[in-house]
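Residues per chain, in single letters:
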Amino acid sequence: VSTFHLTRPQVNFNDFGNKNFLSPRTSVQLGSAITLNKQVDILPVILYMRQDASNQLNLGGAFRYSYESGIRLRLGNWYRYWRNTDAMIFMGGIDYYNLTVSMAYDVNASVLKQTSKSQGGYEIAIIYILNSSKARGRMGGTNIDCPKF
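What you are looking at is a predicted structure, and each value in this text was computed from that prediction instead of being measured. The residue count restarts for each chain, going from 1 along the sequence in the order it is written. Only residues with pLDDT of at least 70 get local features here, since the model is predicted, and only at 80 or more are side-chain atom pairs given and counted; chain-wide, interface and lining totals rely on the full set of residues. No hydrogens and no water enter the side-chain calculation; it runs on all heavy atoms of the structure.

Let's shift gears to the pairing of strand β5 (residues 54-66). The rule for pairing is simple: two strands pair if DSSP sees at least two bridges between them. Each helix is a run of H or I in the DSSP string that is no shorter than four residues. Each strand is a run of E no shorter than two, and both are numbered from the N terminus. Here strand β4 (residues 40-51) pairs with β5 via twelve bridges, running antiparallel. Paired with V45 across the bridge in β5 is G60. Between β4 and β5, which follow one another and run antiparallel, lie two residues, and D52 among them has a positive phi close to 55°. The sheet contact formed by β5 and strand β6 (residues 71-81) spans ten bridges and is antiparallel. Directly across from G61, in β6, lies its bridge partner N77. In sequence, β5 turns back onto β6 through a hairpin of four residues, with G70 there showing a positive phi of about 100°.

A pair is scored as a salt bridge if a Lys or Arg side-chain nitrogen falls within 4 Å of a carboxyl oxygen belonging to Asp or Glu. Scanning all chains against the criterion turns up five salt bridges. Across the pair R80 and D86 runs a salt bridge, and its minimum N-O distance is 2.5 Å. Three labels apply to residues, based on accessible area from a 1.4 Å probe with only protein chains included: buried if under 20% of the type maximum, exposed if over 50%, partly exposed otherwise in between. Judged by relative accessible area, R80 falls into the buried class, the value being 14%. For D86, a relative accessible area of 7% puts it in the buried group. Here D106 makes a salt bridge to R80, at a shortest N to O gap of 2.9 Å. Separated by 26 residues along the polypeptide, D106 in strand β8 (residues 99-108) and R80 in strand β6 bring together distant segments of the chain. Summarising the burial analysis for this pair, D106 and R80 share the class buried.

What follows concerns the side chain of R80. Within 3.5 Å is the distance limit for a polar contact, defined as a pair of N or O atoms, with the added protein rule that one can donate a hydrogen and the other accept it, and that residues adjacent in sequence qualify only through two side-chain atoms. Among the polar contacts listed, one links the side chain of R80 to the side chain of D86, at a separation of 2.5 Å. Not counting the four nearest positions on each side in its chain, R80 is found in contact with Q56, L57, N58, T85, D86, A87, I89 and D106. Contacts are assigned to residue pairs with any non-hydrogen atoms lying within 4.5 Å of each other.

Time to look at the packing of aromatic side chains. Centres within 6.5 Å make a pair out of two Phe, Tyr or Trp rings, where for Trp the six-membered ring is used; the pair is then stacked when the planes are under 30 degrees apart, edge-to-face when over 60, and tilted otherwise. Summed over all chains, the structure comprises three aromatic pairs. Seen from their ring centres, Y105 and Y122 are 4.7 Å apart, and the 50° between their planes marks the pair as tilted. Taken together, the positions of Y105 in strand β8 and Y122 in strand β9 (residues 121-128) put the pair 17 residues apart, joining distant regions of the chain. For Y122, a relative accessible area of 62% corresponds to the exposed category. Two thresholds decide whether a charge sits over a ring: the Lys NZ or Arg CZ must be within 6 Å of the ring centre and within 35 degrees of the ring normal. Its guanidinium or amino end placed over the ring of F4, R25 lies 4.1 Å from that ring's centre, counting from NZ or CZ.

Printed below as a string of structure tokens:
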């Protein structure tokens, strides 16, 4: 669970004396890694976000295939629900130890496809998970591993 814009920052696009404040946004994400066998995992995910009267729900997941070399490939699909229907999201990626590189593409399924001329949007993610367990061990802390979904 996360909340953004708690201080309601002022966001103005002009100097006409209007005061516009950014409303808080709450996000709830649930995910899991379900192991089918030594090589295959299913990664289901639910994401819900709300900001004022607007809310969005993403449902989907991915399959992850692990190789003995430490490389893991993942392919996924999500459905984004916003005011009836919004988009299908397709994702592919690769994990190598603490590094994940992935790319997603949104395909519009709503009235926005007329505005975007049926072109979706790309998203690229590069994630590196720091391994600070050695530092915590020297300082007497507890090692809590970061989940890898």
